[in-house]
Amino acid sequence: MDPIADFLTRIRNASLSKHKLLELSLSNIKREITNVLLENGYILDYKVDSQKKIIKIALKYYQGKICVIQQIIRISKPGLRKYCKYRNLPRVLNGLGIAIISTSDGIITDKQARKKKIGGEILCYVY
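Scope of this entry: the structure provided in the associated data block. Note that the structure is predicted; figures quoted are calculated from it, not measured. (Residues numbered from 1 in each chain as written. Predicted model: local features only at pLDDT ≥ 70, side-chain atom pairs only at ≥ 80, totals over all residues. Heavy atoms only, no water.)

Description of the sheet that holds strand β1 (residues 21–25)
Picture the strands of a sheet paired through backbone hydrogen bonds; they go either parallel or antiparallel.
Moving on, step 1. Strand order in the open sheet made by the three strands is β1-β3-β2, with antiparallel pairing throughout. On the outer flanks of this sheet lie β1 and β2 (43–49), each paired with one strand and no other. Between one strand and the next, the sheet's axes are offset by a mean angle of 20°, whatever the strand orientation.
Moving on, step 2. Taken together, the five bridges between β1 and strand β3 (residues 54–59) define a ladder with antiparallel strand orientation. Following the sheet pairing, S25 is matched in β3 by I54.
Moving on, step 3. The sheet strands contacting helix α1 (residues 3–16) are β1 and β3, and the helix crosses β1 at an angle near 165°.
Moving on, step 4. Against the sheet, helix α2 (residues 28–39) touches β1, β2 and β3, its axis set at about 155° to β2. (Pairing = 2+ DSSP bridges. Helix = DSSP H or I, 4+ residues; strand = E, 2+ residues; numbered from the N terminus. Axes fitted to C-alpha atoms, helices over the stretch in contact; angles between N-to-C directions. Contact = heavy atoms within 4.5 Å.)

As structure tokens, this is what we get:
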């Protein structure tokens, strides 16, 4: 079982079903990925309930109909990890999307990783 793939699939399914709010189980990596999505404007807000160990995510829609997250694709899987140096980091849709990278500095976008000149594991693409 891959918890990151499950997390991304739940976000994808909620956006396709036009849900406004999504509740998921909490982990540190899910919290960090959600924070990256918030910083880049893909979600409205999120709230962490540490007692119940859940995270609530408010999805963002354009004009109330079209979800801002069009695609969210898992790249590195438990059976086949994808690592990249900072020079070879992918550009998602020529810079319109983001690649979420797990680095030694934490979970950041591909643009931040290029600026800091660090590589890492490519978790997913979001656009």
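Next comes the rest of the write-up.
Re unusual backbone geometry
Moving on, step 1. One non-glycine residue, K18, lies in the positive phi region at around 60°.
Moving on, step 2. Note on placement: K18 falls in the loop between α1 and β1.
Moving on, step 3. The phi dihedral of K53 is positive, around 60°, even though this residue is not glycine.
Moving on, step 4. With respect to the helices and strands, K53 occurs in the loop between β2 and β3.

Let's talk about the pairing of strand β9 (residues 106–109)
Moving on, step 1. Taken together, the four bridges between strand β8 (residues 98–103) and β9 define a ladder with antiparallel strand orientation. Note on β9: the bridge partner recorded for T103 is G106.
Moving on, step 2. Between the end of β8 and the start of β9, which pair antiparallel, lie two residues.

Some words on the side chain of S15
Moving on, step 1. For S15, the position within the fold is in helix α1.
Moving on, step 2. Within the local environment of S15, its side chain forms a polar contact with the backbone oxygen of R12, the two atoms lying 2.8 Å apart.
Moving on, step 3. Contacts of S15, omitting those with residues within four sequence positions, involve L59, Y61, C67 and I69. (Polar contact = N/O pair within 3.5 Å; in protein donor to acceptor, adjacent residues only side chain to side chain.)

Observations regarding the pairing of β2
The two faces of the sheet receive side chains in turn, since in a regular strand these alternate between them.
Moving on, step 1. In the sheet, β2 pairs with β3 via six bridges, with the strands oriented antiparallel. Looking at β3, one finds that I43 is bridged to L59.
Moving on, step 2. From the end of β2 to the start of β3, which pair antiparallel, there are four residues, and K53 there has a positive phi angle of about 60°.

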